[in-house]
Amino acid sequence: MSVPPPITKLFTRHTLYRALLFLCALTGFGQMPIYKRYYLADIPGFGWLADFYVTRFVHYLGAALLLGLLAYTVADYLMRRRSIGSPSWSAWVRSALLATIVTSGIFFVAKNLAGAYFPPTAIIVGNLLHLGAVMGLLAVSSYCLLFGKGWTSDPGIHKPKRV
Amino acid sequence: MSRGSKRPTLSRRAFLKGGLAAAGLVAGAGTANAALTPGDDHLATLIDISRCIGCGECVAACREANRSEYPQPKKPFPKMYPPRAKVADWSDKQAVDDRLTPYNWLYIQQATITVAGEERDLTIPRRCMHCVNPPCVKLCPWGSAKQLENGISRIDSEICLGGSKCNKVCPWDIPQRQTGVGLYLDLLPNFAGNGVMYKCHRCHARVAAGELPACIEACPEDVQTIGPRREIIAAAHELAKAVGGYVYGEAENGGTNTLYVSPVPFETLREAIETGPGQPDLQPVKDTMAQANQLISAMVMAPIAGAAAAIGKFYAATRSSQEEG
Ligand code: HEM
Ligand code: SF4
Ligand code: SF4
Ligand code: SF4
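Just so you know, these numbers come straight off a predicted model, no measurement behind them. (Residues numbered from 1 in each chain as written. Chains lettered and ligands numbered in written order. Predicted model: local features only at pLDDT ≥ 70, side-chain atom pairs only at ≥ 80, totals over all residues. Heavy atoms only, no water.)

### Topic: the overall build of chain A
Item 1. When helices and strands are tallied, chain A shows five helices and zero strands.
Item 2. Its helices and strands taken in sequence order, chain A reads α-α-α-α-α from the N to the C terminus.
Item 3. In chain A, which comprises 163 residues, the proportion classed as buried is 39%.
Item 4. For chain A, restricting intrachain contacts to residue pairs at least 6 apart in sequence, the fraction spanning at least 24 positions comes to 69%.
Item 5. Surface exposure of chain A reaches about 9,400 Å², of which carbon and sulfur atoms provide 74%. (Helix = DSSP H or I, 4+ residues; strand = E, 2+ residues; numbered from the N terminus. Buried < 20%, exposed > 50% of the residue type's maximum accessible area, 1.4 Å probe, protein only. Contact = heavy atoms within 4.5 Å. Areas by Shrake-Rupley, 256 points an atom, 1.4 Å probe, with all protein chains shown as cover.)

Have a look at this one:
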């Protein structure tokens, strides 16, 4: 982080991942009626955050892109794991949290289809899992960002390679 | 009662006089054959607007039947922050009956219209439409709103935090808030939640016991008919055809379990009714839940494309490294 990255590095998989995480978190929290109450939607350009249908649409879009990125990353890792190295402990924690988010998120998407009836307890548990894992992921990710923790245990290997 | 002869063939005796049990509609009984499309196994109501005389018996019956569930807020209310969070208090205005409130889940909307050159007063019972895919239920971030398999949507006052999201996503402004009751008082009453939301639950307990919803039973004019959704849709069209009328609620918001039949087009009726908070419109409504659901195919395709891209890149890299030797 000491050397400023060249402009091309701004469009790496990491940046895309961070952007999608931010978008999903922003629109995800928008699923709860808080942005209006806490004046966030009053900031010019943020009015759409108070429209539940818009935030839901964007959350679904962000989730789709994130799923694509995660599938790419997992497939890429599985095929090149020898040259990439083994995951760091934080990668395991983050992957587990991501898996929880994705699973509960997919459950929500199914729940929102017509003709799907789930007991309220399942929905509440799903909510707590989704929300809890999101908060956990945001916390762990901030920690990793601050302290420069990468996804692989060998920091040398983690450096982007020309593949 | 000359209009009676034009009534649909739907067996009123089965549905009305014998109650739901006689009509074989008690939970499960009517759902033996799997539903082809969502809503097929739902119970729906037909509201024949031209029969309604505006007597208000249904409103009184709803209050009588559901009074025990009405909110009993504790006062003074906890102070809420930020100041934008406003108190919604109907506890001193329980008698209000010209709109929906936490104490009035059904009201009679009035319209003066001209039918065939003749001025006529129409009265329309208004309450929750019980959408086939109800956004109030599906988008409740807390799971306190639920839909029963017979199509009834209801809000659990034990769990509801009163955030009013259900009201904001409801195309008809149905759920109404009362501050000072419910679970939020035990959590962070100053910063999150604001009471409990109330609306028609189509007398779910009575229906489960094979009885009719109170408002249907009390109506002296048999304005409402209840039955399986497909039959009610057919009956609504038959009635509309017989009287040259119009149907509302079949496709609105992707389909509801409340079908109104009006002698005049709903565009005309709309202009004659008073709308506002707690006073629902009769506007066209597109399928609100469908928009985001359309993205599901993208959610299925994106991971496939992502994995394929990684595999493609891997083989391209292997080949070029082999070529390089
Ligand atoms: C990748 C797959 C994901 C899917 C399919 C998904 C889907 C959903 C859905 C459908 C909801 C609405 C809840 C409901 O209907 O009751 C929701 C809520 C939410 N999502 Fe996601 N989501 C995903 C990822 C994420 C991510 C990555 C974040 C944040 C980093 C996030 C944060 C939230 C939050 C904070 C909520 C609101 C809390 C709640 O209602 O539990 N989601 N998500
Ligand atoms: S009319 Fe409104 S409150 Fe009733 S089921 Fe539909 S969205 Fe929910
Ligand atoms: S169905 Fe029951 S709760 Fe709904 S308006 Fe009629 S009486 Fe009231
Ligand atoms: S009881 Fe029947 S006739 Fe009287 S207002 Fe209600 S729906 Fe109309």
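### Regarding the site of ligand 1
Item 1. Taken together, 23 residues form the shell around ligand 1, and within it G28, H59, K111, N127 and H130 of chain A come nearest.
Item 2. Residues near ligand 1 are shared among chains A and B, making this a multi-chain site.
Item 3. N127 of chain A places a polar side-chain atom, nitrogen or oxygen, 2.4 Å from an oxygen atom of ligand 1.
Item 4. Within the contact set of ligand 1, a nitrogen atom lies 2.8 Å away from a side-chain nitrogen or oxygen of H130 of chain A.
Item 5. Mapped by element, the contributors of at least two residues to the shell around ligand 1 are α1 (13–29), α2 (52–84), α3 (89–111) and α4 (120–146) of chain A.
Item 6. Along the lines of polarity and charge, the residues of the shell around ligand 1 split into 14 nonpolar, seven polar and two charged.
Item 7. Each of domain 1 (1–84) and domain 2 (85–163) of chain A accounts for three or more of the residues forming the shell around ligand 1. (Near = heavy atom within 4 Å. Polar contact = N/O pair within 3.5 Å; in protein donor to acceptor, adjacent residues only side chain to side chain. Nonpolar A, V, L, I, M, F, W, Y, C, P; charged D, E, K, R; others polar. Domains from an automatic or database assignment.)

### Some details on the packing of α3 of chain A against α4 of chain A
Residue and element names in this part refer to chain A.
Item 1. One can describe the packing of α3 onto α4 by two numbers: an axis separation of 9 Å at closest approach and a directional angle of 150°. Regarding the angle of α3 to α4, the classification is roughly antiparallel. For the crossing formed where α3 meets α4, the hand is left-handed.
Item 2. Looking at the contact of α3 with α4 residue by residue, the classes come out as 16 nonpolar, nine polar and two charged. (Axes fitted to C-alpha atoms, helices over the stretch in contact; angles between N-to-C directions. Parallel < 35°, antiparallel > 145°, perpendicular 65-115°, else oblique. Left-handed = near helix turned anticlockwise from the far one by under 90°.)

### Observations regarding the pairing of strand β2 (residues 107–115) of chain B
The side chains of a regular strand alternate between both faces of the sheet.
All names here are of chain B.
Item 1. Relative to strand β3 (residues 118–126), β2 runs antiparallel, the two sharing nine bridges. If you follow Q110 over to β3, its bridge partner there is T123.
Item 2. As consecutive antiparallel partners, β2 and β3 are separated by two residues, and within that stretch A116 has a phi angle of approximately 50°, a positive value. (Pairing = 2+ DSSP bridges.)

### Observations regarding the site of ligand 4
Item 1. Close contacts around ligand 4 come from 13 residues, with C52, C55, G56, C58 and C219 of chain B the closest.
Item 2. Looking at side-chain class alone, the shell around ligand 4 contains nine nonpolar, two polar and two charged residues.

### Considerations on the pairing of strand β8 (residues 224–228) of chain B
Residues and elements named next belong to chain B.
Item 1. For β8, the tally of buried residues reaches five of five residues, placing the bulk of the element in the interior.
Item 2. Sheet topology note: the strand β1 (residues 43–48)/β8 ladder contains five bridges and is antiparallel. Residue pairing for β8: L43 is matched across the bridge by P228.

### Here's the deal with the coordination of the iron atom of ligand 1
Residues and elements named next belong to chain A.
Item 1. Looking at the metal site, the iron atom of ligand 1 is ligated by H59 (NE2) and H130 (NE2), spaced 2.1 Å from it.
Item 2. Given six donor atoms and angles of 84 to 179° at the metal, the environment of the iron atom of ligand 1 is assigned as octahedral. One end of the pair, H59, is in helix α2; the other, H130, is in helix α4, with 71 residues separating them in the sequence. Accessibility assignment for this pair places H59 and H130 in one class, buried. (Donors = N, O, S within 2.8 Å, 3.2 Å for Na, K, Ca; no water. Tetrahedral: all angles 85-135°; square planar, octahedral: opposite > 155°, others 65-115°.)

### Points about the packing of aromatic side chains
Item 1. What the rule picks out here adds up to ten aromatic pairs over all chains.
Item 2. Seen from their ring centres, F107 of chain A and F108 of chain A are 5.9 Å apart, and the 40° between their planes marks the pair as tilted.
Item 3. Consider the rings of Y70 of chain B and Y103 of chain B, whose centres lie 5.6 Å apart with planes at 75°: the pair is edge-to-face. Pair noted here: Y70 of chain B is in the loop between α3 (57–66) and β2 and Y103 of chain B is in the loop between α3 and β2, with a separation of 33 residues, a long-range link. (Phe/Tyr/Trp six-rings, centres within 6.5 Å; stacked < 30°, edge-to-face > 60°.)

### Details of the sheet that holds β8 of chain B
All names here are of chain B.
Item 1. Taken together, the four strands give an open sheet; going across it, the order is β8-β1-β10-β9, and neighbouring strands pair in mixed fashion. Strands with a single pairing partner mark the edges of an open sheet, and in this sheet they are β8 and β9 (246–248). Averaged over all pairs of adjacent strands, the angle between their axes in this sheet comes to 25°, without regard to strand direction.
Item 2. As defined by bridge partners, β9 adjoins strand β10 (residues 258–262) across three bridges and the pair is classed as antiparallel. The residue of β10 that forms the bridge with V247 is V261.

### Regarding the pattern of salt bridges
All names here are of chain B.
Item 1. Scanning the entire structure with this criterion turns up ten salt bridges over all chains.
Item 2. D40 is the partner of R230 in a salt bridge, and the nearest nitrogen-oxygen pair spans 3.5 Å. One end of the pair, R230, is in helix α8 (residues 229–243); the other, D40, is in the loop between α2 (19–22) and β1, and 190 residues separate them in sequence.
Item 3. For R230, a relative accessible area of 48% puts it in the partly exposed group.
Item 4. A residue is classified by how much of its surface remains accessible, and D40, at 15% relative accessible area, is buried. (Salt bridge = Lys/Arg side-chain N within 4 Å of Asp/Glu carboxyl O.)

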